[in-house]
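Geometric and topological summary
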Amino acid sequence: MRFTAMTREREPSSKAYRQHRFENTERTARETIEAEQRARREKTKRLKELRLSREGGKAPATE
């Protein structure tokens, strides 16, 4: 009796279900990687613009 109370329903083990779950995982991973790359490019662009604006504001003989 106790054993039956502890069991839970199993996920479907059909090939189509596994394939669908795999594709969702792959898509999520790809989207995450793309978002990280996009954020890195934007950060690099902002830092470059900031550096150029600071260099443009300095007098060249100060260093």
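Residues numbered from 1 in each chain as written. Predicted model: local features only at pLDDT ≥ 70, side-chain atom pairs only at ≥ 80, totals over all residues. Heavy atoms only, no water.

Quick word on the overall build of the protein chain
Rules: For helices the rule is a DSSP run of H or I covering at least 4 residues; for strands it is a run of E covering at least 2, with both sets numbered from the N terminus onward. Only protein chains enter the area calculation, which uses a 1.4 Å probe; residues under 20% of their type maximum are buried, those over 50% are exposed, and those in between are partly exposed. Only the protein chains shown count as cover for residues, and the accessible areas themselves come from Shrake-Rupley with a 1.4 Å probe.
Within the protein chain, the regular secondary structure consists of two helices and zero strands. Per-residue burial for the protein chain yields a buried fraction of 0% across its 63 residues. Surface exposure of the protein chain reaches about 6600 Å², of which carbon and sulfur atoms provide 54%.

Focus on the pattern of salt bridges
Note the following rule: Every case where a carboxyl oxygen of Asp or Glu lies within 4 Å of a side-chain nitrogen of Lys or Arg is listed as a salt bridge.
Counted according to the given criterion, the structure contains one salt bridge. A salt bridge links Glu55 to Arg51; the shortest N-O distance between them is 3.8 Å. Residue Glu55 and its partner Arg51 are located together in helix H2 (residues 15-57), separated by four residues, close to a single helical turn. For Arg51, a relative accessible area of 44% translates into the label partly exposed.

By themselves these figures say nothing about function.
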